[in-house]
There are 4 protein chains.
Amino acid sequence: MSGTLNKVMLIGHLGDEVKMHYFEGGGSIGRFPLATNETYTNRTTGERVTNTEWHNIVVRNKAAEICEKYLSKGDRIYVEGRIKTRQWQDDSGNTRYSTEIQATDFTFLTTKKEGQPADGIPAKPAQGSAQPQQPQTSDPVVSTPEDDDLPF
Amino acid sequence: MSGTLNKVMLIGHLGDEVKMHYFEGGGSIGRFPLATNETYTNRTTGERVTNTEWHNIVVRNKAAEICEKYLSKGDRIYVEGRIKTRQWQDDSGNTRYSTEIQATDFTFLTTKKEGQPADGIPAKPAQGSAQPQQPQTSDPVVSTPEDDDLPF
Amino acid sequence: MSGTLNKVMLIGHLGDEVKMHYFEGGGSIGRFPLATNETYTNRTTGERVTNTEWHNIVVRNKAAEICEKYLSKGDRIYVEGRIKTRQWQDDSGNTRYSTEIQATDFTFLTTKKEGQPADGIPAKPAQGSAQPQQPQTSDPVVSTPEDDDLPF
Amino acid sequence: MSGTLNKVMLIGHLGDEVKMHYFEGGGSIGRFPLATNETYTNRTTGERVTNTEWHNIVVRNKAAEICEKYLSKGDRIYVEGRIKTRQWQDDSGNTRYSTEIQATDFTFLTTKKEGQPADGIPAKPAQGSAQPQQPQTSDPVVSTPEDDDLPF
DNA sequence: TTTT
DNA sequence: TTTT
């Protein structure tokens, strides 16, 4: 069942700090809002209008901790991931939907001042492999291994 | 205001027919649900589980009419677009959110039997340009020109 | 060192069979040409012209073996990867360049007839992880783990 | 003729200034090298190695002029486009290949100091459409209209 | 030839 | 060398 693709690529600015949530089993999840902009030119008035789109970014485990450590409100980041719409029942019994971007890769685009890794963070955290005698290639982007996903 | 990117790329199957809506000014909009799949292997039980993600695709004007004409429920399509979350107030006065994919490009991936264009639809419909003496390059994908967007 | 992105996404048809090469250490590499098309409308003559672009796809290890097993000349596939230009000296001492697409993910788009996996191939081969009590999420696309890259 | 996709997405730094070339018919072309990085950890020695990949970016017409005006060596940019491999015969009669990225969209990622548009450049230059009474939506990224392509 |  |  497949032959499908669900991919999102965003470049935007953090609208707030990364909010972490830690689980008993040792896992963690980080969330932050990301803003992208779109510009209109109203054909009637000729004025330019900017619309902001907010995306709910979700990162997990080591990647989440890296984000929390190095990202701040206002920073620019490239995020790659997939769209996930969760649904739940509200108090009135209505089905409600919430769409998130589950991040799988990201790259920091804000150049930080001091001894901060900005871009140069330890890529592919926790990929945890050990094949001797061969170089391990890692992306310039930080990838979140599928292996340590949590069950939600 | 910008330096941002809001891009979605999906390959999936139509969950229903394209539903058209025509406007007085001559514009039109088409909507259809698109399914992408994700596969889990439950680590405890070892069984494989498939989750389906549904995306609300929105196409406009000529592109919408092409989709309505050539796409059917079950067909596979590549869709490129941007994420747009609209909000409105429900009857109880709560703010509700609905996330759509506003398609900017697409390619039909289902091979149709008869004299149907399947892939070979007239690309870049209504791009409406006329620069003489030079070949017009057009993408293999159908692009929806920004110019004929409607105000919503 | 980074903050960069090198990503290629292709949908095309195989121009030939997957050619495998096996290494002593147990690794393997598969290569095949992939065709994408672009359509021109010549503005002077009004005739439509199709240009074909050929991409050199390179897949490694388990992913290569899956490709060899299930892909044939003419099949359609989605390939995600990165651009890599290798250079070498030709017989005349000139520097020559060859650009390849090193595949990191792919999805088969040709629906196969019989009991062939077509889409439903065992995703994420060899990701080889073992974290108990949690479901392993895997993409609908087949990912080639970075860990088993070979040194070239 | 199609159902194919040829898409490249890069974030990198300019290795040199934008080199312009103007044609008699009024068209223009801009070229610049773009660097992306990839990081290895050599499994034997444990040392981290950075490999740089150079991409030949080609931009046309108004987009080229915007690039020349606002981009400098070292600047970071997001480039979207397609892969195009050109071939020609060298002096020895050998067929030689050169792979370029024909840019279709881009976004400046370097924040400029002074009154420079950096990100806020006039998007969608020369899209040249005139549909009254409706807002024109334009991407945050600069798009190069297909219409003014030149015949090479 | 870029960047960190 | 693919596909429509």
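Scroll up to find the structure this text is about.
None of the values given here were measured: they were computed from a predicted structure.

Evaluated as defined, the whole model comprises seven aromatic pairs over all chains. Site record: aromatic cluster; members linked through ring pairs are Y70, F106 and F108 of chain B.

This part covers the interface of chain D and chain C. Residue-level contacts link 40 residues of chain D with 40 residues of chain C. Counting the surface lost from both chain D and chain C, the interface buries some 2,900 Å², and carbon and sulfur atoms represent 40% of this. Among the residues of chain D in contact with chain C, T4, L5 and E53 of chain D are the three that bury the most area, contributing 17% of the side total. For the interface between chain D and chain C, the tally reads two salt bridges. Between E38 of chain D and R82 of chain C there is a salt bridge, with the nearest N and O atoms lying 3.0 Å from each other. At the junction of chain D and chain C, the tally comes to 15 residue pairs in polar contact (both at pLDDT 80 or more). Residue assignment for the side of chain D that touches chain C shows that the elements contributing at least two residues are strand 1 (5-14), strand 3 (28-41), strand 4 (48-60), strand 5 (76-89) and strand 6 (95-108) of chain D. Looking at the side of chain D that touches chain C element by element, the count peaks at nine residues for strand 1 of chain D. Partitioning the side of chain D that touches chain C into residue classes produces eleven nonpolar, 17 polar and twelve charged. Bridge analysis of strand 1 (residues 5-14) of chain C against strand 1 of chain D gives seven bridges, and the strand direction is antiparallel.

Quick look at helix 1 (residues 61-70) of chain A now. Every buried residue of helix 1 of chain A is accounted for by N61, A63, A64, I66, C67 and Y70 of chain A. Residues of helix 1 of chain A that are buried sit in contact with strand 2 (19-22), strand 3 (28-41), strand 4 (48-60) and strand 6 (95-108) of chain A.

What follows deals with the interface of chain B and chain A. Taken residue by residue, the interface counts 40 residues in chain B and 40 residues in chain A. Interface of chain B and chain A: buried area, both sides summed, is about 2,900 Å²; carbon and sulfur atoms make up 40% of it. It is T4, L5 and E53 of chain B in chain B that bury the most area against chain A; as a group they hold 17% of the surface buried on that side. At the junction of chain B with chain A, the criterion picks out two salt bridges. If you look at where chain B meets chain A, you find 15 residue pairs in polar contact (both at pLDDT 80 or more). Taken together, the elements giving at least two residues each to the side of chain B that touches chain A come down to strand 1 (5-14), strand 3 (28-41), strand 4 (48-60), strand 5 (76-89) and strand 6 (95-108) of chain B. The biggest single contributor to the side of chain B that touches chain A is strand 1 of chain B, with nine residues.

Okay, the relation of the copies chain D and chain C next. Each of the two chain copies can be generated from the other by rotation about an axis followed by a shift along it. With an axial shift of 0.0 Å and an RMSD of 0.0 Å, the rotation relating chain D to chain C amounts to 180°. Considering both components of the superposition, the chain copies are consistent with a two-fold axis. Residue V8 of chain D, judged by its C-alpha, is the member of chain D lying nearest the rotation axis, at 2.3 Å. The fraction of interface residues of chain D whose copies in chain C are also interface residues reaches 100%, indicating that both copies meet through the same surface.

About the criteria used
- Residues numbered from 1 in each chain as written.
- Chains lettered and ligands numbered in written order.
- Predicted model: local features only at pLDDT ≥ 70, side-chain atom pairs only at ≥ 80, totals over all residues.
- Heavy atoms only, no water.
- Phe/Tyr/Trp six-rings, centres within 6.5 Å; stacked < 30°, edge-to-face > 60°.
- Contact = heavy atoms within 4.5 Å.
- Buried area = accessible area lost by both parts, 1.4 Å probe.
- Salt bridge = Lys/Arg side-chain N within 4 Å of Asp/Glu carboxyl O.
- Polar contact = N/O pair within 3.5 Å; in protein donor to acceptor, adjacent residues only side chain to side chain.
- Helix = DSSP H or I, 4+ residues; strand = E, 2+ residues; numbered from the N terminus.
- Nonpolar A, V, L, I, M, F, W, Y, C, P; charged D, E, K, R; others polar.
- Pairing = 2+ DSSP bridges.
- Buried < 20%, exposed > 50% of the residue type's maximum accessible area, 1.4 Å probe, protein only.
- Least-squares fit on C-alpha atoms with pLDDT ≥ 70 in both.

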